[in-house]
Amino acid sequence: MRKFAKTHEWFEDLGGGKVRIGISKHAAHELSDVVFIELPDVGKKLADKQSLCVLESVKAVADAYSPAGTVVEVNTVLKDKAGLVNEDPEGKGWIAVVQVDNPKALDEYLSEADYLKTIAAH
Amino acid sequence: MRDTFCLAWDQAHGAKLVDFHGWNMPVSYTKGILAEHEATRTSAGLFNISHMGRVRVSGPQAYKLSQWAFTNDLSKVNIGNALYGFLLNKEGGIIDDVIIYKEANDKFLWIINAGGRETDVEHLKFLASGKDLTIDVLSDKTALVALQGPKADAVLKRLVTDVNLDNVPYFGFGRGLIQGKSVFIMATGYTGEDGYELMMDVKDAPFIWEILTQQPEVTACGLGARDSLRLEAGLPLHGNDIDDKTQPYEAGLGWAVKMDKEGGFFGREALNKTPARKLVGITLEGQNIPRSHYKVFSEGQEVGEVTSGVFSPTLKQGIALAYVKTEFKDKPLSVEIRGKQVPALNAKLPWVRHVTKAKGK
């Protein structure tokens, strides 16, 4: 089951403390026209809620955040095809896989239903 | 927030609506900014710009007021043509950048920015005090749309009657009909492309907008594409690159100021022709996009700030307008992006300009 952050990331528990991270459809729509993504290097250590990557769209710039951990895989397709984040944000447009330090790190995040409620309230 | 005639259409066509100077306006439709930008550069983009203001000054002293309130020289323009220039405050700051269309010797149409709808009119009324003229605010009675791009001319020629668009030069205007509805057709724009801006009765606007959107060459565009297009064309945006604390010469817009025109103009005495800072164009290489308020450095010191920055869809690079201290304007510059110094190339403005229509006199 996926979890969502109020800061519009999704987290998919891959087991063994590995978490796949991307941005939500809502975030991709709001940001629109992502043209570059400053991707992290594999092996990068992240403190809790530290920026995982920077997404540059035509008009705006945004960060995606991660729980504390180590980057173990990066979606390198995004290097040349950042627009995949707009086309398929919750699928092929995933950003990275992080080995999280705390196996219960995802507990504090929202279910998809609760996340959708928070964005509907805005 | 205020709505334009187009709100229902916008909502039915997936517009992402934002508050722009108090107006509920689309930043883009479903195709997105990149596609809308591209459509305007290669075919034709249609923009609702009814948030902008429209004021007609007429009467025996309409010329006198327009000339006194405006930095460019209306004595040099013939009926049927227009001029770009500024409305200044007494400190020489730019209250607004405007285009004045000379309809007759005693009749001038001012197209002003959304943010100037109240301030410009107040200022004009202040300057008009005691003069024999009428200031008619058309902003709510009319709508304004822009059709821009290499195919705009062909599209409009197919739709309009009672006017020969070949006789309308760049910065000229005429009147015609679209399916019997009167349109005021101005060969001006804010994209660096050939094209037209159309003013019409607000009651006719939904009908004419619908006709324009149905033309196969035409893509409806939001303010996002309008912004990336105007920035590529090196055109300033009031509120970002110029404002009431900025003077024309520092913004590199001295060409629209006629210091020696007969009778002078309001704000003239305060103008500084050798300003301490200058607006410059910069281009960044690689995957770096300068944004408004990013700091500009040269020789290890902070020398200025970005006022407008965007990913240029045409150049596939970050481009920006920035104010820098005048002594550094031709020196190597860098922009600080998230703590890193990114070298900037000094760019010659505009980055993109495809206007082919000849200017009138």
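Residues numbered from 1 in each chain as written. Chains lettered and ligands numbered in written order. Predicted model: local features only at pLDDT ≥ 70, side-chain atom pairs only at ≥ 80, totals over all residues. Heavy atoms only, no water.

Observations regarding helix α5 (residues 152-159) of chain B
Every buried residue belonging to α5 of chain B is among Ala152, Val155, Leu156 and Leu159 of chain B, and all of these are buried. One side of α5 of chain B carries all its buried residues, which in axial view fall inside an arc of 90°. (Buried < 20%, exposed > 50% of the residue type's maximum accessible area, 1.4 Å probe, protein only. Helix = DSSP H or I, 4+ residues; strand = E, 2+ residues; numbered from the N terminus. Arc of directions from axis to C-beta.)

Section: the side chain of Asp120 of chain B
Residue and element names in this part refer to chain B. Mapped onto the secondary structure, Asp120 falls in helix α4 (residues 119-128). Arg117 is the oppositely charged side chain nearest to the buried, salt-bridge-free Asp120, at an N-O distance of 9.8 Å. Setting aside residues no more than four positions away along its own chain, Asp120 makes contact with Leu87, Ile95, Asp96, Val98 and Ile112. (Lys, Arg positive; Asp, Glu negative; His and termini not counted. Salt bridge = Lys/Arg side-chain N within 4 Å of Asp/Glu carboxyl O. Contact = heavy atoms within 4.5 Å.)

Brief notes about the pattern of salt bridges
All chains considered together, the criterion is met by 31 salt bridges over all chains. Linking Asp227 of chain B and Lys59 of chain A is a salt bridge whose minimum nitrogen-to-oxygen distance equals 3.3 Å. Taken as a pair, Asp227 of chain B in helix α7 (residues 223-232) and Lys59 of chain A in the loop between β6 (50-57) and β7 (61-66) lie in two separate chains rather than in one. Asp227 of chain B gets classed as buried once you look at its relative accessible area, which sits at 14%. A relative accessible area of 36% places Lys59 of chain A in the partly exposed class. Arg41 of chain B is the salt-bridge partner of Glu232 of chain B, the closest N and O atoms lying 3.0 Å from each other. Highlighted residues: Glu232 of chain B in helix α7 and Arg41 of chain B in helix α2 (residues 33-42), separated in sequence by 191 residues. A single burial state applies to Glu232 of chain B and to Arg41 of chain B, both of which are buried. Through salt bridges with shared partners, a single network forms among Glu38 and Glu56 of chain A together with Arg291 and Arg338 of chain B.

Quick word on the interface of chain A and chain B
On the side of chain B, 18 residues touch chain A, which itself brings 16 residues to the contact. Across the chain A/chain B interface, buried area totals approximately 1,500 Å², and carbon plus sulfur atoms make up 53% of it. Considering only the side of chain A, the residues that lose the most area to chain B are Phe36, Val58 and Lys59 of chain A, jointly responsible for 44% of the buried surface there. Viewed at the interface, chain B and chain A are joined by four salt bridges. Arg291 of chain B is the partner of Glu56 of chain A in a salt bridge, and the nearest nitrogen-oxygen pair spans 2.6 Å. Secondary structure elements with two or more residues in the side of chain A that touches chain B: α1 (25-31), β4 (34-38) and β6 of chain A. (Buried area = accessible area lost by both parts, 1.4 Å probe.)

Observations concerning the domain arrangement of chain B
Residues and elements named next belong to chain B. Domain parsing of chain B yields domain 1 (7-52 + 140-232) and domain 2 (54-132). Relative to domain 2, the C-alpha centre of domain 1 lies at a distance of 24 Å. If you look at the interface, domain 1 gives 20 residues, while domain 2 gives 18 residues. In total, about 1,500 Å² of surface goes out of reach between domain 1 and domain 2, with carbon and sulfur atoms giving 59% of it. Looking at the side of domain 1 facing domain 2, the largest losses of area belong to Met52, Phe171 and Phe173, adding up to 44% of the total buried there. On the surface where domain 1 and domain 2 come into contact, there are two salt bridges. Close ionic contact of Asp140 with Arg117 constitutes a salt bridge, the shortest N to O distance being 3.0 Å. Where domain 1 meets domain 2, there are ten residue pairs in polar contact (both at pLDDT 80 or more). The set of elements that each furnish at least two residues to the side of domain 1 that touches domain 2 consists of β9 (142-148), β11 (173-178), β12 (181-186) and β13 (195-201). Of the residues contributing to the side of domain 1 that touches domain 2, the split by class is eleven nonpolar, six polar and three charged. (Domains from an automatic or database assignment. Polar contact = N/O pair within 3.5 Å; in protein donor to acceptor, adjacent residues only side chain to side chain. Nonpolar A, V, L, I, M, F, W, Y, C, P; charged D, E, K, R; others polar.)

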